[in-house]
Amino acid sequence: MSKTVTILGAGESGTGAALLAKGKGLNVFVSDQGIIQEKYKAELVRASIAFEEGAHSLDRVLQSDLIIKSPGIPDKAEVIKKAKAKGIELVDELEFAFRYLTGKVIAITGTNGKTTTTLLTHHLLKSAGYRVALAGNVGESLARKVAREQHDWYVVEISSFQLDGTKAFHPVIGILLNITPDHLDRYDYRMENYIASKFQLVRNMTSADHFIFFQDDPVTGGEVKKRSLAVGQTTVSLSDSNASAHAHGSVMNFQVGGQNFSIDQRETTLKGPHNLINTMSAVSAALHAGVSEGDIRLGLKTFKNAPHRLEPVGTVQGVEFVNDSKATNVDSVVYALGSYEQPLIWIAGGIDKGNDYTLIQKEVRKKVKVLICLGADNAKLRDFFINLVPVIHETQSVKEAVSLALREARKGDVVLLSPACASFDLFKNYEDRGTQFREAVQALKQEMEKTTA
C-alpha cells in the first residue's frame, strides 16, 4: 500500500512537492487554506492530484503518513499543532526534495544578498559546463527540479523558514552572508531564535564540506567564533587580508580550493561593496566545486543579475537610471547608495516598515542632491530628510517621478530607484514597481530622442 502524503500549501513549493511525490508513486493530497493560483491548479489537475482550497479538511489531513508543509506556514498554525500532537512526520518541501536528489547541493542563505549570490554561483557553474540546476527562493522549487530531472549540482537559495523544516538536508557547500533582524515575528521576537534558524544550514555538514561565511558581519562572525563547527571554513572579508577571500579596494583576492589569484571588480558586471561580498562568496563556492580560474573570469564578465536589483534600465541625456525596486528595507538601500560615487537623484517611498533612516543619513547627505518621494504617504520619509537633501519632490506617479528626475539631473548623475519601503500602496509588488519604472524610463528616452532628432 502506497504511503499517504498531504502537501499543505499549493504555491510553487507545495506544487513542486506534489509533483515529486506523485512521480515517486505516493498517494498525494494537496490542501491550501487560501485560493490556489490557476497555473498551479492546472498542474495539479493534469497530474491527477487531488486537492482542496479555502480550508484544511483536518480529518483527511490527519490521516496522512507524512505531511509536507510550505515554508510560509508557521509552526503555530492549528493544522501543524494537531499533526505534531498525533505524531505525524512533518517536513518542509526542501527536506522532502533532498531525499530524492542524487547530486550535490550548494545552499545560500542570509538576510540580504542571497539572490544575487545564488544567481552568480549558478551562472559560474553553468557557464563552465556543469550540469547544474537553480532552485529554491529564486525560480522554481527544489522539488520541481528533482521531479523533472537529476543534475550533478543544485544551487539553492534558502530562507530561514525553509531551514526550519529540515532534518537530513546536507549541502556540501553552504554560504551564510549576513544576519540582521528580519521576520522576528516568526521567531517569538527573539534574535537568538532567528540566528539558530540560519545556522541550521551547517547542522549536517562535515569537515569534508565547505562553509563560506562573511566574517565581517558582526552576528555571523561572532556566532562562528562561539560555535564548535565541524566543517571546513572559508572566510570572506572586506578588511582582513588573512581571510580566504578578501578585498583590497576593488580587488578581490582568493586563496581558496588550492588556487591563488586576484580579480578586480571592474572586470565583472556587478558594482558596489556589497557585491564584493556576494562575488567573493560565489567565486569561493565555484572554486570548491572545481571550476577553474579561467572559467570563473569568463563567467564574471557575462553574468546578468536578476531584474530590480541595481538593474541599469537606460541612459537618457547622459543620466543613468537604475532600478533597485527590490530594496524594500533600509539595509538594502545602504548597499545601493554605497555602489555609486556620482551625484544621486534618489527615488524612494512606499509603505514604511518601521524604517530607521539614521542608518543611511550620512550617505544620503554626502551623495543625494534630490529626493523624489514616490508613495501614498511620504510624511516620514520627507520629514526625516527635509534638512539633509537640498531638493525634495513628492509624487504618486512613476512617469512623473522619472520626468522630475531627468529635469533635476545633470549629465553624469545617477537616478536611483531604491525605495526602502514596501510597494503595496501604489503597486502590486516590487516587481510591478520596478517594471513600471523601467517602462517609464524607456518611454522618456524615446521621447527625448524624438525631440532631438
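Before any of the text, the structure's been laid out above.
Here the residue index of a chain counts from 1 through its sequence in written order. This being a predicted model, a pLDDT of at least 70 is required before a residue's local features are given, and a value of 80 or more before pairs of side-chain atoms are given or counted; all residues contribute to the totals for chains, interfaces and linings. Excluding hydrogens and water, the side-chain figures rest on all heavy atoms present in the structure.

Side note on the overall build of the chain
Numbering of helices and strands runs from the N terminus; a helix is a DSSP stretch of H or I covering at least four residues, while a strand is a stretch of E covering at least two. In terms of helices and strands, the chain carries 17 helices and 20 strands. Counting all 453 residues of the chain, 56% fall into the buried class. We call two residues in contact when some of their heavy atoms are within 4.5 Å. In the chain, of all internal contacts separated by at least 6 residues, the share reaching a separation of at least 24 is 65%. Entry remark: accessible area of the chain is about 19,300 Å², with carbon and sulfur atoms responsible for 49%. In the chain, 53 positive and 52 negative side-chain charges are present, and the distance between their average locations comes to 2 Å. Only protein chains enter the accessibility calculation, which uses a 1.4 Å probe. A residue is then buried if its area is under 20% of the maximum for its type, exposed if over 50%, and partly exposed in between. Only the protein chains shown count as cover for residues, and the accessible areas themselves come from Shrake-Rupley with a 1.4 Å probe. Charge assignment: positive for Lys and Arg, negative for Asp and Glu; neither His nor the chain ends contribute. One atom stands in for each charge, and that atom is NZ of Lys, CZ of Arg, CG of Asp or CD of Glu.

Brief notes about the pattern of salt bridges
What counts as a salt bridge is simple: a side-chain nitrogen of Lys or Arg found within 4 Å of a carboxyl oxygen of Asp or Glu. For the coordinates displayed, the defined rule picks out 25 salt bridges. Across the salt bridge formed by Lys41 and Glu53, the nearest N and O atoms sit 2.7 Å from each other. In this pair, Lys41 is assigned in helix α2 (residues 38–46) and Glu53 in strand β3 (residues 50–53), connecting sequence segments twelve residues apart. The buried category is assigned to Lys41, whose relative accessible area is 16%. We note a salt bridge from Glu140 to Arg148, for which the minimum N-O separation is 2.9 Å. Note on Glu140: relative accessible area 25%, which makes it partly exposed.

Describing helix α6 (residues 114–127)
For a helix, the expected span equals 1.5 Å multiplied by the residue count minus one. The terminal C-alpha atoms of α6 lie 20 Å apart, and with 14 residues this matches the ideal 20 Å at 1.5 Å per residue to within 8%. Most of α6 is tucked away: twelve of the 14 residues are buried. Listed in full, the buried residues belonging to α6 are Lys114, Thr115, Thr116, Thr117, Thr118, Leu119, Leu120, Thr121, His122, His123, Leu124 and Leu125. Contact partners of the buried residues in α6: β6 (104–109), β7 (132–136), β8 (153–157), β9 (173–176), α11 (273–288) and α12 (293–302). Just past α6, the residue Gly129 takes up positive phi, approximately 95 degrees.

Topic: unusual backbone geometry
A positive phi angle, near 75 degrees, is found at His308, a position not held by glycine. As for its placement among the helices and strands, His308 is situated in the loop between α12 and β15 (311–316). In this model, Ala420 sits at a positive phi of 65 degrees, which is unusual for a non-glycine residue.

A closer look at the sheet that holds strand β2 (residues 27–32)
The pairing of strands in a sheet happens through backbone hydrogen bonds and is either parallel or antiparallel. The rule for pairing is simple: two strands pair if DSSP sees at least two bridges between them. With parallel pairing, five strands are arranged side by side in an open sheet as β3-β2-β1-β4-β5. Because the sheet does not close on itself, it has two edges, and the strands there are β3 and β5 (89–92). Direction aside, the axes of adjacent strands within the sheet are offset by 20 degrees on average. Judged from the four bridges that link them, β2 and β3 form a sheet pairing that is parallel. Pairing of Phe29 across the sheet is with Ala50, part of β3. Axis lines are fitted to C-alpha atoms, over the contacting stretch for helices. Their N-to-C directions set the angle, which ranges from 0 to 180 degrees.

Brief notes about the pairing of β15
Taken together, the five bridges between β15 and strand β16 (residues 319–323) define a ladder with antiparallel strand orientation. Note on β16: the bridge partner recorded for Pro312 is Val322.

Focus on the nonpolar core
Counting 46 residues, the largest nonpolar core has Phe96, Leu142 and Phe211 as the members making the most contacts within it. Beyond its immediate sequence surroundings of up to four residues, Phe211 is in contact with Gly174, Leu176, Phe199, Leu201, Val202, Met205, Val224, Leu229, Val231, Gly232, Gln233 and Thr234. In terms of nonpolar packing, the next biggest core, distinct from the first, is built from 39 residues, Trp153, Val236, Phe254 and Ala282 among them. Here, the term nonpolar core denotes a set of buried Ala, Val, Leu, Ile, Met, Phe, Trp, Tyr and Cys residues that are joined through side-chain atoms within 4.5 Å.

Some details on the packing of helix α1 (residues 12–23) against α2
Contact geometry of α1 with α2 gives a least axis separation of 10 Å together with a crossing angle of 10 degrees. By the angle between their directions, the pair α1 and α2 is classed as roughly parallel. Within the contact between the two elements, α1 uses Glu12, Thr15, Ala18 and Leu19 and α2 uses Tyr40, Glu43 and Leu44. Gly is put with the polar residues, along with every residue not named as nonpolar or charged; the nonpolar set is Ala, Val, Leu, Ile, Met, Phe, Trp, Tyr, Cys and Pro, and the charged set is Asp, Glu, Lys and Arg. Split into classes, the residues belonging to the contact of α1 with α2 amount to four nonpolar, one polar and two charged. Oblique is the label for any angle not under 35 degrees, not over 145, and not in the 65 to 115 range, which are roughly parallel, roughly antiparallel and roughly perpendicular in turn.

Details of the environment of Val155
Assignment of secondary structure puts Val155 in strand β8. Val155 gets classed as buried once you look at its relative accessible area, which sits at 0%. For the pair formed by Val155 and Gly174, sequence separation is 19 residues and the distance between their alpha carbons is 9.8 Å.

Points about the sheet that holds β9
If you trace the nine strands from one edge of the open sheet to the other, you get β7-β8-β6-β9-β10-β11-β12-β13-β14, paired in mixed fashion. At either end of the open sheet lies a strand with only one pairing partner, and these are β7 and β14 (259–264). Recorded for the sheet is a direction-independent mean angle of 15 degrees between the axes of neighbouring strands. Pairing of β6 with β8, which is carried by five bridges, proceeds in the parallel orientation. Pairing of Ile108 across the sheet is with Glu157, part of β8.

Let's talk about the packing of aromatic side chains
Put simply, two rings from Phe, Tyr or Trp (the six-membered ring, in Trp's case) pair if the centres are within 6.5 Å, and we call them stacked under 30 degrees between planes, edge-to-face over 60, tilted for the rest. Per the counting criterion, the structure on display carries ten aromatic pairs. Geometrically, the ring pair formed by Phe384 and Phe385 is edge-to-face, given 4.9 Å between the ring centres and 70 degrees between the ring planes. With relative accessibility at 29%, the residue Phe384 sits in the partly exposed group. Given a relative accessible area of 0%, Phe385 falls into the buried group. By way of ring pairs, the aromatic residues Trp346, Tyr357, Phe384 and Phe385 are connected into one cluster. It is Arg60 that lies over the ring of Phe29; its NZ or CZ is 3.8 Å from the centre. Note on criteria: charge over ring means Lys NZ or Arg CZ within 6 Å of the ring centre, with the direction from the centre no more than 35 degrees off the ring normal.

Considering the side chain of Arg433
Mapped onto the elements, Arg433 comes out in helix α17 (residues 430–452). Comment: no salt bridge for buried Arg433; closest opposite-charge side chain is Asp425, at 5.7 Å. With residues up to four places along the chain from it excluded, the contact list for Arg433 reads Ser325, Thr328, Gly349, Leu417, Pro419, Cys421, Ala422, Ser423 and Phe427.

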